[in-house]
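Architecture and fold: a report
Single-letter residue listing:
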Amino acid sequence: MDGACEINEVFLQEVKVPAENMIGEVNKGWTYAKFLLGHERLGAAHVGLMEARLQQIKEISNPNGSWQSTLGSPTFPR
């Protein structure tokens, strides 16, 4: 958290997992981890929601398609 360490690595060697606890195929763990990390990041960022909000901001700031200043009387829906 203080920026002193950029990367943390953990190496597990000779790990034995009982067959009933194994998820997916043998030696595919990194493939599964990359998939989950990619989806975790997209979910945490709320990409779809942020795109919709950005569109709303664009429409509010530019309702007539012109870039005139609205500093004197901003109109925001409540």
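Anyway, here's the lowdown on the structure attached to this text.

What counts and how
Residues numbered from 1 in each chain as written. Predicted model: local features only at pLDDT ≥ 70, side-chain atom pairs only at ≥ 80, totals over all residues. Heavy atoms only, no water. Helix = DSSP H or I, 4+ residues; strand = E, 2+ residues; numbered from the N terminus. Buried < 20%, exposed > 50% of the residue type's maximum accessible area, 1.4 Å probe, protein only. Areas by Shrake-Rupley, 256 points an atom, 1.4 Å probe, with all protein chains shown as cover. Patch = residues over 30% accessible without salt bridge, like charges linked within 9 Å, V, L, I, M, F, W, Y side chains within 5 Å. Salt bridge = Lys/Arg side-chain N within 4 Å of Asp/Glu carboxyl O. 1 Å grid on protein atoms, 1.4 Å probe; cavity = no way out; pocket = protein on both sides within 12 Å on 5 of 7 lines; lining within 4 Å. Points joined across faces, edges and corners; volume = space filled by probe spheres on them. Nonpolar A, V, L, I, M, F, W, Y, C, P; charged D, E, K, R; others polar.

1. Some words on the overall build of the protein chain
Assigned secondary structure in the protein chain consists of two helices and zero strands. Within the protein chain, the fraction of its 78 residues that count as buried is 1%. Total accessible area on the protein chain stands at roughly 8100 Å², and carbon and sulfur atoms take up 58% of it.

2. Regarding unusual backbone geometry
Phi at Glu14 is positive, roughly 55°, even though this residue is not glycine. Of note, Glu14 is situated in the segment before helix 1 (29-45). A positive phi angle is found at Asn27, which is not glycine, with a value near 65°. Its relative accessible area of 77% is what places Asn27 among the exposed residues.

3. Brief notes about a nonpolar patch on the surface
A surface patch of nonpolar side chains, about 630 Å² in accessible area, is lined by Val10, Leu12, Val15, Val17, Met22 and Val26. Mapped onto the elements, Met22 comes out in the segment before helix 1.

4. Examining the layout of surface pockets
What the largest pocket holds in volume is close to 170 Å³. Taken together, Val17, Asn21, Met22, Ile23, Glu25, Val26, Asn27, Lys28, Gly29 and Tyr32 make up the full set of residues lining the largest pocket. In the lining of the largest pocket, the residues fall into five nonpolar, three polar and two charged.

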